[in-house]
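Observations on the model geometry
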Amino acid sequence: MSATILPDDAVFSQFRNLCSSADNWYNKYDKNGMQVWVEVAPVVSDAQKNAAKIHMIKCRMTIKDVSAATMYDVIHDGVYRSNWDPTMVESFDVARLSANADFGYYAWACPRPMKRRDVVTLRAWQVTDDDYVIVNFSVKHSKYPPRNDRVRAISIMTGYLIKATGPNSCTFTYLSKADPKGKTLNKMTTCRHCVKCTSKMGCQQSIAKSWLLRTPPQVMKCVHKAGKNYPQWKRENSPDQKPWLFPEQNTLPMMDPAELSLQRADSLENVDESSLVDAAENGD
């Protein structure tokens with residue numbers, strides 16, 4: 001990261017490397033063109049085991065019927081997002097920071113009994129002859145403090161890498177290194193069933209861990225379907241408006257990036273949700 005908070009080329013290169021690397025990843029799911037990896041946890045001391053868990057997950061989908069350019073448009077198009085994102089509760093862009101960066105808010109639903117999460121993030125994007133990259137990370141702004149009815153999560157580095165494999169095909173990679181916060185996560189143990197768990201409560205041994213592994217593949221399937229439907233939808237909804245490709249179309253107000261600062265996980269409260277879990281398990 002350079003002196004400014006805006007990502008530089010090194011940040012985009014680091015993200016590409018994480019998406020492409022096979023080192024320190026454990027494959028948890030490989031079926032029907034979808035793969036899911038979880039970062040191999042480093043060896044830590046007893047003291048560190050009690051610290052908040054930072055989860056990194058990587059999903060890759062082979063898409064044979066949608067172009068890379070269309071998938072890139074789908075991820076950027078905030079108006080279209082409500083058509084495909086099954087977990088979204090609220091989402092809006094706040095301001096432009098540069099021609100290829102903005103600042104916004106996103107909230108999503110978690111499985112019961114977990115509370116809803118939200119993030120305030122800086123998002124930046126880069127298009128090359130070889131790929132499309134979108135990255136985001138958590139930031140702080142005085143006008144968007146944590147809310148009492150939601151748990152403020154942390155995105156350390158989250159994003160998408162989309163690479164064309166043909167005129168109407170691509171590989172679509174989602175990677176997230178994030179801390180969902182909340183003391184519930186520290187209370188629960190690892191569930192060996194993970195992706196396969198389909199019960200209403202997830203696995204009671206690990207609602208949070210199971211959710212972290214099950215949700216991205218579900219969302220990936222939704223975004224693939226959205227990609228197939230997007231061209232027709234876009235023809236009927238401001239077809240010429242794509243401010244992520246044409247910055248001159250962007251009507252968001254400009255903001256000085258200096259108004260933002262990095263949001264660090266250790267500066268946020270770990271909201272205790274264990275009582276909610278206990279109530280759910282007792283049938284209350």
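Whatever comes next refers back to the structure up there.
Rules behind the numbers
Residues numbered from 1 in each chain as written. Predicted model: local features only at pLDDT ≥ 70, side-chain atom pairs only at ≥ 80, totals over all residues. Heavy atoms only, no water. Helix = DSSP H or I, 4+ residues; strand = E, 2+ residues; numbered from the N terminus. Buried < 20%, exposed > 50% of the residue type's maximum accessible area, 1.4 Å probe, protein only. Areas by Shrake-Rupley, 256 points an atom, 1.4 Å probe, with all protein chains shown as cover. Contact = heavy atoms within 4.5 Å. Polar contact = N/O pair within 3.5 Å; in protein donor to acceptor, adjacent residues only side chain to side chain. Salt bridge = Lys/Arg side-chain N within 4 Å of Asp/Glu carboxyl O. Pairing = 2+ DSSP bridges. Core = buried A, V, L, I, M, F, W, Y, C linked by side-chain atoms within 4.5 Å.

**Examining the overall build of the protein chain**
Within the protein chain, the regular secondary structure consists of seven helices and eleven strands. Within the protein chain, the fraction of its 284 residues that count as buried is 49%. On the protein chain, roughly 14800 Å² of surface is accessible, and the fraction owed to carbon and sulfur atoms is 49%.

**Describing the side chain of His224**
When you line up the elements, His224 lands in helix α6 (residues 207-235). In this structure His224 comes out as buried when scored by relative accessible area, which is 18%. The residues touching His224, leaving out its near neighbours within four places in the chain, are Met61, Ile63, Asp65, Val66 and Met71.

**Some thoughts on the side chain of Thr173**
In this structure, Thr173 sits in strand β10 (residues 169-179). Note on Thr173: relative accessible area 2%, which makes it buried. Separated by 3.1 Å, the side chains of Thr173 and Arg60 make a polar contact. Beyond its immediate sequence surroundings of up to four residues, Thr173 is in contact with Cys19, Lys58, Cys59, Arg60, Gly159, Tyr160 and Leu161.

**Focus: the pattern of salt bridges**
All chains considered together, the criterion is met by eleven salt bridges. With its nearest N and O atoms 2.7 Å apart, the salt bridge here joins Asp73 to Lys242. Of this pair, Asp73 sits in helix α3 (residues 68-76) while Lys242 is found in the loop between α6 and β11 (261-262), placing the two residues 169 residues apart along the sequence. Note that Asp77 is salt-bridged to Lys234, the shortest N-O span being 3.6 Å. A residue pair is termed long-range when its members are at least 10 positions apart, and Asp77 in the loop between α3 and α4 (78-81) and Lys234 in helix α6 qualify at 157 residues. Here Asp77 and Lys234 have matching classes, each one buried. Salt bridges here are not isolated pairs; linked through shared partners, they connect Glu90, Arg147, Asp149 and Arg150.

**Examining α3**
Where burial is concerned, most of α3 is hidden: eight out of the nine residues are buried. Among all positions of α3, only Ala68, Thr70, Met71, Tyr72, Asp73, Val74, Ile75 and His76 are buried.

**Focus on unusual backbone geometry**
Even without a glycine there, the phi angle at Asn24 is positive, about 65 degrees. Mapped onto the fold, Asn24 is located in the loop between α1 (9-20) and β1 (25-31).

**Details of the pairing of strand β4 (residues 88-98)**
Bridge count between β4 and strand β5 (residues 101-108): eight bridges; the pairing is antiparallel. For Glu90, the partnering residue across the bridge sits in β5 and is Ala107. Taking the residues that link successive antiparallel strands as the turn, the β4-β5 hairpin has two residues.

**Some thoughts on the nonpolar core**
The nonpolar side chains of a soluble globular protein tend to be buried, and buried together. If you look at the biggest cluster of nonpolar residues, it comprises 30 residues, and the most contacted ones within it are Met71, Trp84, Ile162, Phe172 and Val223. Breaking this core down by element, the ones donating at least two residues are β2 (34-39), β3 (55-63), α3, β7 (132-140), β9 (154-166), β10 and α6. Among the elements that line this core, the one with the most residues is α6, at six residues. When neighbours within four sequence positions are excluded, Met71 is seen to be in contact with Ile63, Val66, Ile162, Cys170, Phe172, Val223, His224 and Gly227. Counting residues in hydrophobic clusters, the runner-up holds 28 residues, among them Trp25, Met56, Ala124 and Val135.

**As for the pairing of β2**
With six bridges connecting them, β1 and β2 associate as antiparallel partners. Its bridge partner lying in β2, Trp25 is registered against Glu39. Counting the residues in the hairpin turn of β1 and β2 gives two residues, including Asn32, whose phi is positive at 55 degrees. Sheet topology places β2 next to β3; five bridges connect them, and they run antiparallel. Residue Met34 lies in a different strand from β3, and its bridge partner there is Met61.

Everything listed is a geometric property; what it means functionally is a separate question.
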